[in-house]
Amino acid sequence: MGKPTGFLEWARRMPDRRDPKVRLGDWNEVYEPQPAERAVEQAARCMDCGVPFCHQGCPLGNLIPDFNDLVYEQRWRDAHRRLASTNNFPEFTGRVCPAPCEPACTLSINDDPVTIEQTEKEIIERAFREGWVQPAAPRQRTGKRVAVVGSGPAGLAAAAQLNSVGHRVRVFEAADRIGGLLRYGIPDFKLEKWVVDRRIDILRAEGVDFVTNAAVGTDPTWSELHQTYDAVVVAIGARRPRDLRVPGRDLRGVVFAMDYLTRQNKLNAGDPDPDPALDARGKRVVILGGGDTGSDCLGTALRQGAAQVHQIELMPRPPDERPPANPWPQWPMVYRVSSSQEEGGARDFAVLTKRLSGDGGALSRLHAVRVDVKPRAGGGLLFDELPGTEFDIEVDLLILAMGFVGPDTQQLQDQLGIELDARGNVRTDDRFATNVDGVFCAGDAHRGQSLVVWAICEGREAARHVDMYLRGSTAAWLPTRGADLPFGGR
């Protein structure tokens, strides 16, 4: 805990956001730096709650009351050690994690929770400033070689852990830069890419080998990787987007969110424009999808200078407060306003797209109807169209941000005979092992579209089982999901 009476003395306070009018003129992170004394005060709000339910909310099992107490005592280096023992990349989760630990905080029963995510960020940024984060190459090598395919948070976490116990790890990335979702799926105003580069430099100095522009499945094939390496970790994400099945889908101006976000991140990195048609400048933009990806597209369109932006959600508007069926410490299904939504644009809920139309092959109008969303007997939802609520929206650029349906597994199936589960994800057992000996899977490719924090957790867990597979036992220390267990201690 922090200070016994801290939660009574200080209210929850996040860092100030930069003025929307200012931040819309650049691609920098939206938050202002926070004074160190405020970070100490916020950590002091952590209660002596007996049972820290924040652990229940954190997939990584971060020792949250411990590092809050250490920050309150201003033992920053010890706080960093405690945080780094469970989280390879606090600089990522401290910026882009939705922080499921916070609504599980005991204070959330009748007050605002501790600023756990921000405290993580404060700890790791101080650690970098003070020089406490240094490459730590393993003292000896095992002679085993592991291929990790995919350099998103799951792949990077698996690579970091496997390298730390002495295996030779090579990470294969299809894109031209390392980082996966962190690099091209998250806008710079949420995660500036120097943050990613800084960690990649550490991993490279520790001995992790990175290969970009790697067309795994073609050159090399999955079969070649399987034959060449002692183990393979599949961390390819779940990049197949959910499509819009309506008349007019083939009109020019309908694009997927990930293509749209990737193009802007490439521009910010100094690359030539890969597709000028994805620029929203001066256009009427509609975003289908009300989640984080849709919000990221909204902030991007506003910065590009869109004439107008509408963000549309099929589901109804969430309530302002938890409904009785959604009690603490569950994730609260309530109405939220993201930093991008604070900046502008219109939002609408319970809207079903019926068709698209245009002239000369180019999109110009979206035709929609309002719906009543009700539970379906036996599970699922019914979307009943409300008569007389049909309406149109003029649109030049329609961005599909409706989530993802799973990983691209065709080559994995053809070349290795990998089995899939009922949802089309890679099937694994409780050791993250696939049906093919020596091939493991972690992250979204295994569990479906999920959070960065879950990807890091699964990368760490998969690495533990890979090490067990390669050596039969393991002595490396790797706390997992709230339990201080030796790596391989289960």
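A short tour of the structure in this document, coming up. (Residues numbered from 1 in each chain as written. Predicted model: local features only at pLDDT ≥ 70, side-chain atom pairs only at ≥ 80, totals over all residues. Heavy atoms only, no water.)

Considerations on the overall build of the protein
Spelled out, the test is: Labels follow the DSSP assignment, with helices taken as runs of H or I lasting at least four residues and strands as runs of E lasting at least two, numbered in each case from the N terminus. The globule rule is 2.2 Å times the number of residues to the power 0.38, and the radius of gyration it is compared with is taken over C-alpha atoms. Here's how the labels work: a residue is buried when its accessible area is under 20% of the maximum for its type, exposed when over 50%, partly exposed in between, all with a 1.4 Å probe on protein chains only. Throughout, a contact is declared for two residues whenever any of their heavy atoms are within 4.5 Å. What sets the accessible areas is the Shrake-Rupley method with a 1.4 Å probe; for residues, cover comes only from the shown protein chains. Positive charge is attributed to Lys and Arg, negative charge to Asp and Glu, and no charge count is given to His or to the chain ends. To locate a charge, the coordinates of NZ of Lys, CZ of Arg, CG of Asp or CD of Glu are taken.
Scanning the protein from terminus to terminus reveals 18 helices and 16 strands. In terms of overall dimensions, the protein is globule-like: its C-alpha atoms have a radius of gyration of 23 Å, near the 23 Å expected for 490 residues. Taken along the three principal axes of its C-alpha coordinates, the protein extends 70 × 60 × 50 Å. The 490 residues of the protein split such that 52% are buried. Long-range pairs, those at least 24 residues apart, make up 66% of the contacts in the protein between residues at least 6 apart in sequence. Summing over all exposed atoms, the protein offers an accessible surface of approximately 21300 Å²; the carbon and sulfur share of this is 48%. Taking the 61 positively charged and 68 negatively charged side chains of the protein as two groups, their mean positions are separated by 1 Å.

Remarks on a nonpolar patch on the surface
Rules: Two distance rules govern patches: like charges are joined within 9 Å, and nonpolar side chains (Val, Leu, Ile, Met, Phe, Trp, Tyr) within 5 Å, applied only to residues with over 30% relative accessible area and no salt bridge. Salt bridges are defined as contacts in which a side-chain nitrogen from Lys or Arg sits within 4 Å of a carboxyl oxygen from Asp or Glu.
A contiguous nonpolar patch, built from Leu314, Met315, Leu381 and Phe383 and spanning about 280 Å² of accessible area, is present on the exposed surface. Within the secondary structure layout, methionine 315 lies in the loop between strand E8 (308-312) and helix H15 (339-343).

What about helix H5 (residues 64-72)?
Listing the buried residues of H5 in full gives Ile64, Pro65, Phe67, Asn68, Leu70 and Val71. Residue glutamine 74 follows H5 closely and has a positive phi angle near 60°.

Focus: helix H18 (residues 452-471)
For clarity, the cut-off: By definition here, a helix of n residues has an expected span of 1.5 Å times n minus one.
Compared with an ideal rise of 1.5 Å per residue, which puts 20 residues at 28 Å, H18 spans 29 Å between its outermost C-alpha atoms and is within 8% of the ideal. By the criterion of burial, H18 is predominantly enclosed, with 16 of the 20 residues buried. Directly beyond the C-terminal end of H18, a positive phi value near 85° is found at glycine 472.

Overview of the sheet that holds E8
What counts here: For two strands to be treated as a pair, DSSP must find no fewer than two bridges joining them. Fitted lines through C-alpha atoms serve as axes, helices being fitted only where they are in contact, and the angles separating the N-to-C directions of these axes extend from 0 to 180 degrees.
Read from one edge of the open sheet, five strands run E6-E14-E7-E8-E9, paired in parallel fashion. The open sheet has two free edges, formed respectively by strand E6 (254-256) and strand E9 (346-348), since each of these has just one partner strand. On average, each strand axis in the sheet is tilted by 20° relative to the strand beside it, whichever way the strands run. Relative to E9, E8 runs parallel, the two being bridged by three bridges. In the strand pairing of E9, histidine 310 is matched with alanine 346.

Structural notes on the packing of helix H9 (residues 153-164) against H18
What counts here: The sense of a crossing depends on the near helix, which, turned anticlockwise from the far helix by less than a right angle, makes the crossing left-handed and, turned clockwise, makes it right-handed. Lys, Arg, Asp and Glu make up the charged group, whereas Ala, Val, Leu, Ile, Met, Phe, Trp, Tyr, Cys and Pro make up the nonpolar group; the residues left over, Gly among them, are polar.
Across the interface, H9 lies against H18 with an axial gap of 7 Å and an inter-helix angle of 35°. For the crossing formed where H9 meets H18, the hand is right-handed. Contact residues: Pro153, Ala154, Ala157, Ala158, Gln161 and Leu162 in H9; Val452, Ala455, Ile456, Gly459, Arg460, Ala463, Val466 and Asp467 in H18. Of the residues that constitute the contact of H9 with H18, the class distribution is ten nonpolar, two polar and two charged.

Focus: the pairing of strand E10 (residues 351-359)
The sheet contact formed by E10 and strand E11 (residues 362-375) spans eight bridges and is antiparallel. Paired with leucine 356 across the strands is leucine 366, a residue of E11. The antiparallel hairpin formed by E10 and E11 contains two residues in its connecting segment, where glycine 360 sits at a positive phi of about 65°.

Some thoughts on the packing of helix H8 (residues 116-130) against helix H11 (residues 193-206)
Under the convention used in this document: In these notes the angle categories are as follows: under 35 degrees is roughly parallel, over 145 is roughly antiparallel, 65 to 115 is roughly perpendicular, and the rest is oblique.
Their axes nearest at 13 Å, the elements H8 and H11 cross at an angle of 60°. Classified by the angle between their axes, H8 and H11 sit oblique to one another. The hand of the H8/H11 crossing is left-handed. Where H8 abuts H11, its residues Ile124, Glu125 and Phe128 lie against Trp194, Arg198 and Arg199.

Comments concerning the environment of valine 165
With respect to the secondary-structure elements, valine 165 resides in the loop between H9 and strand E2 (168-172). A C-alpha to C-alpha distance of 9.8 Å links valine 165 and arginine 464, two positions 299 residues apart in sequence.

A word on the sheet that holds E2
Judged by pairing direction, the sheet is parallel, and its five strands sit side by side in the order E3-E2-E1-E4-E16 without closing on themselves. The open sheet terminates on both sides in strands that have one partner only, identified here as strand E3 (209-211) and strand E16 (439-441). Along the sheet, successive strands turn relative to each other by an average axial angle of 20°, direction set aside. Bridging between strand E4 (residues 231-234) and E16 involves three bridges; their strand directions are parallel. Within E16, the residue paired with valine 234 across the bridge is cysteine 441.

A word on the packing of aromatic side chains
Counted only if it meets this: Aromatic rings from Phe, Tyr and Trp, with only the six-membered ring used for Trp, were paired whenever their centres fell within 6.5 Å, and each pair was classed as stacked if the ring planes differed by under 30 degrees, edge-to-face if by over 60, and tilted otherwise.
Per the counting criterion, the structure on display carries six aromatic pairs. Residues phenylalanine 172 and tyrosine 229 carry aromatic rings whose centres are separated by 6.1 Å and whose planes lie at 90° to one another, so their mutual orientation is edge-to-face. Highlighted residues: phenylalanine 172 in strand E2 and tyrosine 229 in the loop between helix H12 (222-228) and E4, separated in sequence by 57 residues. Tyrosine 229 sits in the buried class, given a relative accessible area of 10%. On the numbers, 5.6 Å between centres and 70° between planes, the contact of phenylalanine 440 with tyrosine 469 is edge-to-face. Here phenylalanine 440, found in strand E16, pairs with tyrosine 469, found in helix H18; they are 29 residues apart in sequence, far enough to count as distant. Residue phenylalanine 440 is classed as buried on the basis of its relative accessible area of 1%.

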